[in-house]
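Given next are the chains, with one letter for each unit.
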Amino acid sequence: MSAPVTVWLNRTYAENVFFIEQLHAAPRAVRVHATHVDPDSPVLAAADTAGLEPADLTPDAYVAYALDHCARHRVDVFVPRLHQLAISLHRHEFEAVGTALACPPATAIAAFGSKADGYAAIAAAGLPTPPWWLVRTAEELVGAVDLIEAAGLTACLKPASGAGGEGFRLLTREPFGLHRLAGWDSRVQVDQVAAALDLAARETPGTSADLLVMPYLDGPEVSVDCLADLDGTLLAAVGRSKHSRRRSFTTEPRYLEPARRLVEATGMAYLSNVQFRHLHGEPVVIDVNTRPSGGLHQLSLCGLNLPWNAVQLALGERPDTDWAGDPTGIEYTLVSGIQPVLPHRLPPFVPGGRPAGELVH
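Source: prediction; values computed, not measured. (Residues numbered from 1 in each chain as written. Predicted model: local features only at pLDDT ≥ 70, side-chain atom pairs only at ≥ 80, totals over all residues. Heavy atoms only, no water.)

1. What about the nonpolar core?
And then number 1: Counting 41 residues, the largest nonpolar core has Val7, Val77 and Leu306 as the members making the most contacts within it.
And then number 2: In terms of nonpolar packing, the next biggest core, distinct from the first, is built from 33 residues, Ala116, Leu212, Met268 and Ile286 among them. (Core = buried A, V, L, I, M, F, W, Y, C linked by side-chain atoms within 4.5 Å. Buried < 20%, exposed > 50% of the residue type's maximum accessible area, 1.4 Å probe, protein only.)

Laid out in structure tokens, this is it:
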């Protein structure tokens, strides 16, 4: 019987308890090691071994910590989330200590370091993006909103850098009223944002906030999960369509073909995610993640285990990414659940010594 494959997940999102479940469901034994700065992160409880990470390291210092950590724990495959770019730049050093990195090459990660850079990369691949404006001043903000509203569309705002829906706001000219205090209102007044930009410019001259303004796009949102080899060849891609509570899968070429072209153009190896919405009924790329998506585990309904397939690729194996039947006939929804945390707090990380927080479940 072969020894378990040791896979390390560093400071990842809570949703990746499901990523860990899929690794545990692999046909070969997998030992998952997880680290985090939060001792109550559920990924620590879901992993086979866990420990606390040092906080507030620079990217270069974190790489040094990660190299030492891989050597100490004999990590076979490292799936980095934190400091992914810095880690990818040192791929050969990780290989020298016996650890394969399951993340895209640094060039692909850097191309999507900000949403503005990402849109440039998407356009360079010949793919459609929504109209967008990078704004830093009140005048630029108002000008972009004017153009969007003149086209009969609603403007929205998001940070140029950020994960998921962090900082997303709908922009409105409507005065603030008591009705805005009820329900889940994500709208913010254009004048308020403009005033905030003006105030920041006066208080801290020379600094600026990088914000993206674009039209709010029609649903459904289609999120295409991709697996590619180091040559940029797409091995598997399935779209997850989200429309209110209802979820389904799609293999429509109008989503999968642009995702394939983007993956191949950027060499985005291993796991990535390409997100679409619709402008005048046609899909446009709104975001690209160079990491596994939080919903990747949903593809298990199609008979796919892409987390394990990515580990196989990192180990030099060719994964089987076929699934039985037609995934487009599957519909489902998501509900919240309970996830355990560790029964006691882990000891703090000890620099220069064996991590005191390691715990075997």
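Now, onward.
2. As for the sheet that holds strand β6 (residues 133-135)
One key point about sheets: their strands pair by backbone hydrogen bonds, in either a parallel or an antiparallel sense.
And then number 1: Judged by pairing direction, the sheet is mixed, and its 5 strands sit side by side in the order β6-β10-β7-β8-β9 without closing on themselves. Taken across any chain shown, the strands that pair with only one partner, and hence form the sheet edges, are β6 and β9 (187-189). Strand-to-strand twist across the sheet, computed as the mean angle between neighbouring axes with direction ignored, equals 35 degrees.
And then number 2: Sheet topology note: the β6/strand β10 (residues 211-215) ladder contains 3 bridges and is antiparallel. If you follow Trp133 over to β10, its bridge partner there is Val213.
And then number 3: Along the sheet, helix α7 (residues 115-124) makes contact with β6, β7 (155-159) and β10, crossing β10 at roughly 50 degrees.
And then number 4: Packing against the sheet, helix α8 (residues 138-150) makes contact with β6, β7, β8 (169-172) and β10, and its axis sits at approximately 155 degrees to β6. (Pairing = 2+ DSSP bridges. Helix = DSSP H or I, 4+ residues; strand = E, 2+ residues; numbered from the N terminus. Axes fitted to C-alpha atoms, helices over the stretch in contact; angles between N-to-C directions. Contact = heavy atoms within 4.5 Å.)

3. Topic: the sheet that holds strand β15 (residues 282-289)
And then number 1: Spatially, the 6 strands line up as an open sheet ordered β15-β14-β11-β12-β13-β16, and their pairing is antiparallel. Where the open sheet ends on each side, the last strands, each with one partner, are β15 and β16 (331-332).
And then number 2: By the bridge criterion, 7 bridges tie strand β14 (residues 270-279) to β15 in an arrangement that is antiparallel. Among the inter-strand pairings, His278 is bridged to a residue of β15, identified as Pro283.
And then number 3: Here helix α11 (residues 306-314) sits on the sheet in contact with β11 (218-228), β12 (234-243) and β14, set at roughly 135 degrees to β14.

4. Overview of the pattern of salt bridges
And then number 1: Scanning the model with the defined rule gives 15 salt bridges in all.
And then number 2: In this structure, Arg72 engages Asp68 in a salt bridge whose closest nitrogen and oxygen atoms are separated by 2.6 Å. Note that Arg72 and Asp68 are positioned in helix α3 (residues 59-73) at a spacing of 4 residues, about one turn of the helix.
And then number 3: Residue Arg72 is classed as partly exposed on the basis of its relative accessible area, which comes to 33%.
And then number 4: A salt bridge links Arg173 to Glu149; its shortest N-O distance comes to 3.0 Å. Placement of Arg173 in the loop between β8 and β9 and of Glu149 in helix α8 is noted, with a sequence separation of 24 residues between them.
And then number 5: Judged by relative accessible area, which is 30%, Glu149 ranks as partly exposed.
And then number 6: The structure contains a network of salt bridges with shared partners spanning Asp146, Glu149 and Arg173. (Salt bridge = Lys/Arg side-chain N within 4 Å of Asp/Glu carboxyl O.)

5. Digging into the packing of aromatic side chains
And then number 1: Going through the model one piece at a time under the given rule, you end up with 8 aromatic pairs.
And then number 2: An angle of 45 degrees between the planes, with centres 6.2 Å apart, marks the rings of Phe168 and Tyr216 as tilted. Of the two residues, Phe168 is situated in the loop between β7 and β8 and Tyr216 in the loop between β10 and β11; the sequence distance between them amounts to 48 residues.
And then number 3: Since its relative accessible area comes to 25%, Phe168 is described here as partly exposed.
And then number 4: An aromatic cluster is built from Trp8, Tyr62, Tyr65, Phe78 and Phe94, whose rings are joined through pairwise contacts.
And then number 5: The residue whose ring lies beneath Arg81 is Tyr13, and the NZ or CZ to ring-centre distance is 4.8 Å. (Phe/Tyr/Trp six-rings, centres within 6.5 Å; stacked < 30°, edge-to-face > 60°. Lys NZ or Arg CZ within 6 Å of the ring centre and 35° of its normal.)

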